[in-house]
Amino acid sequence: MQFDILIKNASLIDGSGAPARRQDLAVAGDSIAAIGDLAACEAAEVVDASGLCLCPGFIDIHAHSEFNVLIDAGRSKLMQGITTEVCGNCGLSAAPLLGMAREQRRSALAALGLDPDWITMAEYFERLDCTGLRTNIALLAGHGNLRGSVIGYGPQQATAEQLGKMCALLEEAMDCGCWGLSSGLIYPPGAFADVDELVHLAGVLKKYGGFYATHMRSESDHLSEAVAEALEVGRRAGVPVQISHLKTMDQRNWHKLPEVLELIEQARGEGLDITSDRYPYCASSTGLDAHLPLWACEGGNAAELERLRDPAQRARILAELFERTPAEEVGATTMLARLASEKNAHLQGRMLAEAASLRGQSVGEALCDLLIEEQLDIDAIFFCMSEDNLRTVLRQSWVMLGSDAAVRDTDGVLSRDMPHPRAFGAFARLLEMVRDEKLMPLEQAVSKMTSMPAKRMGLKDRGLLAQGYRADFVLFDPCAVRDRATYASPHQYPEGVRAVMVNGVWALRDGACTDNLAGRLLRKG
Ligand SMILES: [Zn+2]
């Protein structure tokens, strides 16, 4: 039998968790044609993969590349061995973009050079269909988009009519081929929703077999209550729940992990389908204004900026913030990762305390003034988590890996900020922890990056090395694989990832990306 490509002598890890075995793999077209002893077979191209691990292409269940893929074909995901990204997490998707949802994103998107020419999910899908992609892309519909489109950024409860409109938008997105609904309950406007609204919307997913992914209402002082709410949505709506980037934020909450794990284990014991993901680092990253109390963000960007400018309201905002976390701690644990203006670009990569002293200001005044100067558009990195808890979370049988990052590059527009190193190294880092710390068996780690996310999505032809599955796979050197990205110098691709195939096409060879853009937009069938 003649194949297109034959990979010989690799240590094959099929993604199921089964032990590695020495086997050959053959590709025909965009699919895996055979696995086994194929020594007698011929192929147009034969690759000797001695000393390398061959496993399914990694699936990043928690990604945010929905806008960046339109700007440039960035390499930071593919260079880690990622072949599929699930985008639109944390309540933020690229569509629908109506009303306030559109207005609120306009300036941030303009800073990226994007002027969205789509409104609906169907139009965004069309746009992606004619965009060259390095990896496959799957999409979630963001609850923040639904609420922002229908209700705006006010704190009010949804009326029955508004709820109906949000459901209709979600159905439209699911009809296009989205894989589920995401929520971001620390961010406006999603944070203004009560649990009944979330249950109602999640209920729509049932007939599609979709899942509900949630960035919970608290990952800090109200973590346990937030987990209980996520479980309640799953229980009442009857849908699978993915708890996004499970963590215990701020040292005063580190002791809560056993309680949280117990809550989730109990729910799973009841038969609820609850899973989670985590990135393998101890700093989080999001907008700097996530520090502000929620009331300060009511009404949208213009109202938020107005409050920051008003001395009395600013004082109240800072008093509430520093009551929870003292100003010195905020200054010493917050790193400025992206400031778009030329004026403040030199502060990128600096701690907030350092930026404040350079400006001759207190931490609070610098925080508020920078937000005003940058029209709120500042990303930050927060050093707030426990190394021990990170490892405990990653070891749970129901936790998979997710980067929580948008794709970046070492050149061009996608290289301009100081992103969290997870954008460049998350998947290599888990492999490194497996080798250097014996965190878990390699086969288990691979399943957390492949079959587990595929199962969560209901993705049937990827996530395993098996005959008939799509030819998405990675060849890496288990002795050499290493995350090189750091907080101070994030723009570094990992070492040890030798080759990546996407849909039967070499997307990466000899450690470097090819010019092939073989990724596809994946629609839930
Ligand atoms: Zn999130």
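Note that this is a predicted model, so its numbers are computed, not measured. Counting restarts for each chain: residues are numbered from 1 in the order of the written sequence. Local features in this predicted model are restricted to residues of pLDDT 70 or higher, and side-chain atom pairs are both shown and tallied only at a pLDDT of 80 or more, whereas totals for entire chains, interfaces and linings draw on every residue.

To continue, consider the overall build of the protein. A run of H or I in DSSP becomes a helix once it reaches four residues, and a run of E becomes a strand once it reaches two; helices and strands are each numbered from the N terminus. What the protein contains, in helices and strands, is 17 helices and 21 strands. Expected size for 525 residues packed as a compact globule is a radius of gyration near 24 Å; at 23 Å, the protein falls within 12% of this value. Going through the 525 residues of the protein one by one, you find that 54% of them count as buried. A residue pair is marked as a contact if its C-beta atoms, positioned from the backbone, fall within 7 Å. In the protein, 76% of the contacts between residues at least 6 apart in sequence involve partners at least 24 apart. When we talk radius of gyration, it's over C-alpha atoms, and the globule rule is simply 2.2 Å times the number of residues to the 0.38. In this scheme the burial state of a residue depends on its C-beta neighbours within 10 Å: 20 or more other such atoms mean buried, 12 or fewer mean exposed, and anything in between means partly exposed; the C-beta positions come from the backbone.

Moving on, we come to the environment of Met440. Among the structural elements, Met440 can be located in the loop between α15 (422-437) and α16 (442-449). Given 17 C-beta atoms within a 10 Å radius, Met440 is considered partly exposed. The sequence separation of Met440 and Leu430 amounts to 10 residues, and the corresponding C-alpha distance is 9.7 Å. Aside from chain neighbours lying at most four places away, what touches Met440 is Arg395, Val434 and Ala445.

Right, let's get into unusual backbone geometry. Residue Pro96 follows Ala95 across a cis peptide bond; omega there is -5°. Between Pro188 and Pro189 the backbone carries a cis peptide bond, its omega angle lying at 0°. The backbone of Asn9 sits at a positive phi, close to 70°, despite the residue not being glycine. Along the chain, Asn9 turns up in strand β1 (residues 2-12).

The subject of this paragraph is the nonpolar core. Among buried residues, those of type Ala, Val, Leu, Ile, Met, Phe, Trp, Tyr and Cys that are joined through C-beta atoms within 7 Å form a set called a nonpolar core. Among the nonpolar cores identified, the biggest contains 165 residues, and Leu54 and Leu170 are the most heavily contacted of them. Element by element, the count of residues in this core is highest for α15, at 8 residues. Discounting residues that sit within four places of it in the chain, Leu54 has contacts with Ile7, Ala10, Ser11, Leu12, Leu25, Ala49, Phe473 and Leu475.

One open sheet accounts for 3 strands, arranged β6-β7-β8; its pairing is parallel. The outermost strands of the open sheet, each flanked by one partner alone, are β6 (58-60) and β8 (136-139). The mean angle between the axes of side-by-side strands here comes to 20°, regardless of whether they run parallel or antiparallel. By definition, two strands form a pair when at least two bridges between them are found by DSSP. With 4 bridges connecting them, strand β7 (residues 82-87) and β8 associate as parallel partners. Across the sheet, residue Val86 finds its bridge partner in β8, namely Ala138. To get an axis, a line is fitted to the C-alpha atoms, and for a helix only the part in contact is used. The angle between two axes follows their N-to-C directions and goes from 0 to 180 degrees.

Taken in spatial order, the 3 strands make up an open sheet running β14-β16-β15, and their pairing is antiparallel. Sheet topology places β14 (283-287) and β15 (334-339) at the edges, where each strand pairs with a single neighbour. Pairs of neighbouring strands in the sheet enclose a mean axial angle of 20°, with direction left out of account. In this structure, β15 lies alongside strand β16 (residues 378-383), joined through 5 bridges in antiparallel fashion. What sits directly across from Met335, in β16, is Ile381.

Since one α-helical turn is 3.6 residues long, residues separated by three or four positions face the same way. Listed as buried for helix α13 (residues 363-373) are Val363, Gly364, Ala366, Leu367, Cys368, Leu370 and Leu371. Its buried side turned inward, α13 meets α9 (301-309), α10 (311-324), α11 (327-333), α12 (352-359) and β16. Of the residues trailing α13, Gln375 is marked for its positive phi of about 50°.

Further remarks concern the pairing of strand β2 (residues 21-28). In this structure, β1 lies alongside β2, joined through 6 bridges in antiparallel fashion. Its bridge partner lying in β2, Ile7 is registered against Leu25. Here β2 pairs with strand β3 (residues 31-36) via 5 bridges, running antiparallel. Directly across from Asp24, in β3, lies its bridge partner Gly36.

This next bit is on the packing of helix α7 (residues 223-237) against helix α8 (residues 257-269). Two packed helices can be described by the angle between their axes and the distance between those axes. Interhelical geometry of α7 versus α8 gives an angle of 15° and a closest axis separation of 10 Å. Here α7 is positioned roughly parallel relative to α8, judged by the angle of their axes. As for the relative orientation of α7 and α8, their crossing is right-handed in sense. Note on element contacts: α8 touches α7 through Glu259, Val260, Leu263, Ile264 and Ala267, opposite Leu223, Ser224, Val227, Ala228 and Leu231. Residue polarity follows a fixed list, in which Ala, Val, Leu, Ile, Met, Phe, Trp, Tyr, Cys and Pro are nonpolar, Asp, Glu, Lys and Arg are charged, and the others, Gly among them, are polar. Looking at side-chain class alone, the contact of α7 with α8 contains 8 nonpolar, 1 polar and 1 charged residues. Each angle gets one of four labels, with under 35 degrees taken as roughly parallel, over 145 as roughly antiparallel, 65 to 115 as roughly perpendicular, and the rest as oblique. By the definition used in this description, the sense in which the near helix is turned from the far one sets the handedness, with an anticlockwise turn below a right angle giving left-handed and a clockwise turn giving right-handed.

This part covers the packing of helix α6 (residues 195-204) against α7. α7 packs onto α6 with a crossing angle of 45° between their chain directions and a minimal axis gap of 9 Å. By the angle between their directions, the pair α6 and α7 is classed as oblique. In this structure, the crossing between α6 and α7 has a hand that is right-handed. Along its contact with α6, which presents Val195, Leu198, Val199, Ala202 and Gly203, the element α7 presents Glu229, Glu232, Val233, Arg236 and Ala237. Residue composition of the contact of α6 with α7, grouped by class: 6 nonpolar, 1 polar and 3 charged.

This part is about the domain arrangement of the protein. Domain extents, as shown, originate in an automatic or database domain assignment. Along its sequence, the protein is carved into domain 1 (2-55 + 465-483 + 492-513), domain 2 (58-282 + 384-457) and domain 3 (290-381). A separation of 47 Å is found between the C-alpha centroids of domain 1 and domain 3.

All right, on to α15 then. Here α15 contains 16 residues, and its C-alpha end-to-end distance of 19 Å is more than 12% below the 22 Å for a straight helix at 1.5 Å per residue. For α15, the set of buried residues is Arg422, Ala423, Phe424, Gly425, Ala426, Phe427, Ala428, Arg429, Leu430, Leu431, Glu432 and Val434. In this structure, the buried side of α15 is in contact with β6, β7, β17 (399-401), α16 and β19 (497-502). Positive backbone phi, approximately 55°, marks Lys438, located one or two places after α15. By this rule the span expected of a helix is its residue count minus one, scaled by 1.5 Å.

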